[in-house]
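One-letter residues, chain by chain:
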Amino acid sequence: MVFSSLFFLYIFLPANIILYFLARTNRVRNWIMVAFSLVFYAWGEPVWIFLLLFTAFLNWLLALTMEKHLGTPRAKYALVAAVAVDLWLLVIFKYTGFLYENINAILGTSFRDPGIALPIGISFYTFQIISYMADVYRREVEAQPSFLKFLMYVTMYHQLVAGPIVRYQWIAQEIDHRRTDVTEVWNGLCRFSVGLCKKVVVANAAGKLAAQYLDGDLARLTTTGALFGILMFTIQIYYDFSAYSDMAIGMGRIFGFHYMENFNYPYIARSVTDFWRRWHISLSTFFRDYVYIPLGGKYSHQLRNICVVWLLTGLWHGASWNFVLWGAFYGLLLILEKKFLLRGLQRLPGGVGWLWAFLCTLVGWSIFYFVDLGRLLEFLPILFGGRLAPDPGLWVTVQNNCFWLILSIAFCAPILPAIKGLARRYAVQDGQQAALVAAQAAGCLGLVLISTAYLVGQSYNPFLYFRF
């Protein structure tokens, strides 16, 4: 089940909201959230729900054991056991095929890939659980004594399968004492409608255009076609993933949870370092707090620490060498910026830094897109000017999508918050708050209706990060 489906929009989510607010106590509401979350997860792959329940129960027990013996070797053993099992399960389900493929290539063997399917969301909920175990060990949070509440934390369908990665300490109080009001529900619904439109209207359209230029015969691709194709993927992945985060954050607010922002307009970044402060913030902060800083951060072996973090970041995104190369690419860029480039970029006009960051981003998304390294090596020379030839078909495509392209590129910058801020200011000055609320309601309803129109007759359209 995906958020951008008619069944979810008009049956599943309304049913969840109605039953949730009919319940009078948080305990009953917790049961409702767990039930809906398990149904949501089991909708497409019911067998993997047992893996999810096993992982949650094991870590819940080990966290209680760890807290009971804090300050003794037993606590460390419990932490090591939990993290080892969590990562072992992640490796088994996500990287077995990759390991078999490389062992066969290196040793000339012919081991058969067992073909283990990837459970949806395993990367996200594994990292959430690891952050919880580490925080209990560090005494930053108390272990959750109720398995129901811990299971709700792990399984909440709003962010279960594609983030943001929610740390237990951020919502521990809301698990026990959350409250909802009309304003929060309203803000959540509006945020959800924006995310829905970003996914259905922009990301899906950009994905079709990207595939049209990047998935075909590269021997016929021109440099301008390559640039347009990777630009469309750049738009697709941002709108797709940020849309999921918007919808997750919006639904969290409806039910009384406040998740961290996961994107902060990354395409206006003026350096690669700035880009990674703005893109997938929950993942970046996870690696910073649980890998980079424990290894010594910037105070001890910084270059080694950056390399380790970006090797893991690349592998986290997928079991393929292109993701390892992608991680190495960004690790190298960040090292170059920290050691040589960043101060110079900060002294130059902002447009220079933005151009540097955006060009690096286009190359990075090229590496990310092509799982087949052969196609990647064929594509990059074309992108860098290897086939400067007229492309009449591209001009027709641009003309046919001109208005959509301008809007999708423009809204990669913080235009919407600026518009909302101005509207709110003038509404307060003129005493027109009611008119502002009515306009906002009409706008959100319009986004939902437009998205519904796009969804009617559409086939299955999962979010890109479901596969990670």
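Provided above is the structure to which this section pertains.
Conventions adopted
- Residues numbered from 1 in each chain as written.
- Predicted model: local features only at pLDDT ≥ 70, side-chain atom pairs only at ≥ 80, totals over all residues.
- Heavy atoms only, no water.
- Helix = DSSP H or I, 4+ residues; strand = E, 2+ residues; numbered from the N terminus.
- Rg over C-alpha atoms; globule rule 2.2 N^0.38 Å.
- Buried < 20%, exposed > 50% of the residue type's maximum accessible area, 1.4 Å probe, protein only.
- Contact = heavy atoms within 4.5 Å.
- Areas by Shrake-Rupley, 256 points an atom, 1.4 Å probe, with all protein chains shown as cover.
- Lys, Arg positive; Asp, Glu negative; His and termini not counted.
- Charge placed at Lys NZ, Arg CZ, Asp CG, Glu CD.
- Expected span 1.5 Å × (residues − 1).
- Bend = angle between axes of the 7 residues up to and from the residue.
- Axes fitted to C-alpha atoms, helices over the stretch in contact; angles between N-to-C directions.
- Parallel < 35°, antiparallel > 145°, perpendicular 65-115°, else oblique.
- Left-handed = near helix turned anticlockwise from the far one by under 90°.
- Nonpolar A, V, L, I, M, F, W, Y, C, P; charged D, E, K, R; others polar.

S.K.: Would you explain the overall build of the protein chain in this entry?
M.R.: Across its full length, the protein chain carries 19 helices and 0 strands. Here the C-alpha radius of gyration of the protein chain, 23 Å, is about what a compact globule of 468 residues would show, namely 23 Å. In terms of overall dimensions, the protein chain has C-alpha extents of about 70 × 70 × 50 Å along its principal axes. Relative to its full complement of 468 residues, the protein chain shows a buried share of 51%. Taking the contacts inside the protein chain whose residues are at least 6 apart along the sequence as the reference set, 77% of them involve residues at least 24 apart. Carbon and sulfur atoms make up 67% of the accessible area of the protein chain, which amounts to about 22100 Å² in all. Side chains of the protein chain give 36 positive and 24 negative charges; the mean places of these two sets differ by 5 Å.

S.K.: Before we go on, may I ask you to explain helix α11 (residues 281-295) in this structure?
M.R.: Every α-helix carries 3.6 residues per turn, so stepping three or four residues along brings you back to the same face. In a regular helix each residue adds 1.5 Å, so 15 residues correspond to 21 Å; α11 covers 20 Å between its end C-alpha atoms and thus fits that length. Along its length, α11 shows its largest kink, about 40°, at R288. Within α11 the residues assigned to the buried category are I281, S282, L283, T285, F286, F287, D289, Y290, V291 and Y292. Those residues of α11 that are buried lie in contact with α5 (122-137), α7 (168-177), α10 (272-278) and α12 (302-317). G296 lies just past α11 and shows a positive phi near 130°.

S.K.: Sorry, what's going on with the packing of helix α9 (residues 223-254) against helix α15 (residues 373-386) here?
M.R.: Between two packed helices, the angle of one axis relative to the other and the distance separating the axes together describe the packing. For the pair α9 and α15, the least separation of the axes is 7 Å and the interaxial angle reads 110°. Classified by the angle between their axes, α9 and α15 sit roughly perpendicular to one another. Between α9 and α15 the crossing geometry is left-handed. Touching T223, A226, L227 and I230 of α9 are F379, I382, L383, G385 and G386, all from α15. Classifying every residue of the contact of α9 with α15 by side-chain character gives 6 nonpolar, 3 polar and no charged.

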